[in-house]
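# Inside the fold
Letter by letter, the chains look like this.
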Amino acid sequence: MMKVIATNIGRPTNVKWNGKIIQTGIYKYPTETPLFLKKEDVVNDTVIDRKHHGGEYKACYLFAADNYPYWKEKYPNLQWGWGMFGENLTVQGLDEANIRIGSIYKIGTALVQITQPREPCFKLGIRFGTQNILKEFIAHSHPGTYIKILEEGVVKKTDSLVLVEASDNALTVKAFYELLYSKEKNKAILNLALSNDALPLSKRKKLRKYL
């Protein structure tokens, strides 16, 4: 069973990158207040770069609590707490190998659809104090998942993710993630991705060149 064990939001944080001061919303921390999931973002959360974060297919980000021990062992000197990966919802029992893109879940009063894995950017490196985390994150193959909000609603700690409708397309979050980063594209997985309407059209268009 998948259960929300932390609800996290972030405030705008100034960081230095390539000699410039930029803002980011990746510094998220647990809140005791339930989250309201809107169509394009989470109420009171910070989304700075709207080109790459937020929006219909990235309204909310989920990451597995189960993966925290692995990363804590690799980075023992960080100040650890839920939200370290920039996730809005830290979920116990989330397994990308079992979650299909396109499947629909009820979380709290919200109805959501699995859309795509998280592709790490330099801001994760800033939070972890090294850009090495990007290659490590990709290699670990547990990226968490973004969701589309089909019905806006409230999510709180202890809420379970209840499967409402499993996608009839067998593409899992993990399989798609590995497809994105593999040099040799698995044709069967590629065809699943191209025929999966829950993926953003822009993603599918980029993948067509590999046919």
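In what follows, the structure referred to is the one given above.
Notes on the structure in this doc start here. (Residues numbered from 1 in each chain as written. Predicted model: local features only at pLDDT ≥ 70, side-chain atom pairs only at ≥ 80, totals over all residues. Heavy atoms only, no water.)

### Let's talk about helix H5 (residues 187-194)
Inspection of H5 places Leu-190, Ala-193 and Leu-194 among the buried residues, and these make up the whole buried set. Looking down the long axis of H5, one finds its buried residues gathered within 95° of arc, a one-sided arrangement. Residues of H5 that are buried in the fold lie against helix H4 (173-181) and helix H6 (201-207). The residue sitting at the N-terminus of H5 and contributing the capping side-chain oxygen is Asn-186; that oxygen lies 2.9 Å from the backbone nitrogen of Ala-188. (Buried < 20%, exposed > 50% of the residue type's maximum accessible area, 1.4 Å probe, protein only. Helix = DSSP H or I, 4+ residues; strand = E, 2+ residues; numbered from the N terminus. Arc of directions from axis to C-beta. Contact = heavy atoms within 4.5 Å. Polar contact = N/O pair within 3.5 Å; in protein donor to acceptor, adjacent residues only side chain to side chain.)

### Overview of the environment of Val-15
Within the fold, Val-15 resides in strand E2 (residues 13-17). Between the C-alpha atom of Val-15 and that of Glu-152, which follows or precedes it by 137 residues, the distance is 32 Å. Not counting residues within four places of it along the chain, the set of residues in contact with Val-15 comprises Lys-20, Ile-21, Ile-22, Thr-24, Tyr-27 and Ile-126.

### Some points on the nonpolar core
Formed by 33 residues in total, the largest nonpolar core has its most connected members in Leu-37, Leu-62, Leu-89, Ile-107 and Ile-147. Residues contacting Leu-89, with those up to four places away along its chain left out, are Val-4, Ala-6, Thr-7, Asn-8, Leu-35, Cys-60, Tyr-61, Leu-62, Phe-63, Ile-107 and Val-155. (Core = buried A, V, L, I, M, F, W, Y, C linked by side-chain atoms within 4.5 Å.)

### Side note on the pairing of strand E8 (residues 104-107)
Relative to strand E9 (residues 110-117), E8 runs antiparallel, the two sharing 4 bridges. Looking at the pairing, Lys-106 lines up with Leu-111 of E9. Counting the residues in the hairpin turn of E8 and E9 gives 2 residues, including Gly-108, whose phi is positive at 60°. (Pairing = 2+ DSSP bridges.)

### Considering the packing of H4 against H5
Interaxial distance between H4 and H5 falls to 10 Å at its minimum, and their mutual angle equals 110°. Accordingly, the angle class assigned to the pair H4 and H5 is roughly perpendicular. At the point where H4 passes H5, the crossing takes the left-handed sense. The residues of H5 that touch H4, namely those facing Ala-175, Phe-176 and Leu-179, are Ile-189, Leu-190 and Ala-193. Residue classes in the contact of H4 with H5 are distributed as 6 nonpolar, no polar and no charged. (Axes fitted to C-alpha atoms, helices over the stretch in contact; angles between N-to-C directions. Parallel < 35°, antiparallel > 145°, perpendicular 65-115°, else oblique. Left-handed = near helix turned anticlockwise from the far one by under 90°. Nonpolar A, V, L, I, M, F, W, Y, C, P; charged D, E, K, R; others polar.)

### Points about the pattern of salt bridges
Taken as a whole and judged by the stated rule, the model has 8 salt bridges. Between Lys-38 and Asp-41 there is a salt bridge; the shortest N-O distance is 3.8 Å. What makes Lys-38 partly exposed here is its relative accessible area of 34%. The partner of Lys-174 in a salt bridge is Glu-178, and the shortest N-O contact between them spans 3.5 Å. Taken as a pair, Lys-174 and Glu-178 lie in helix H4 at a separation of 4 residues, close to a single helical turn. Overall, the relative accessible area of 38% leaves Glu-178 in the partly exposed class. (Salt bridge = Lys/Arg side-chain N within 4 Å of Asp/Glu carboxyl O.)

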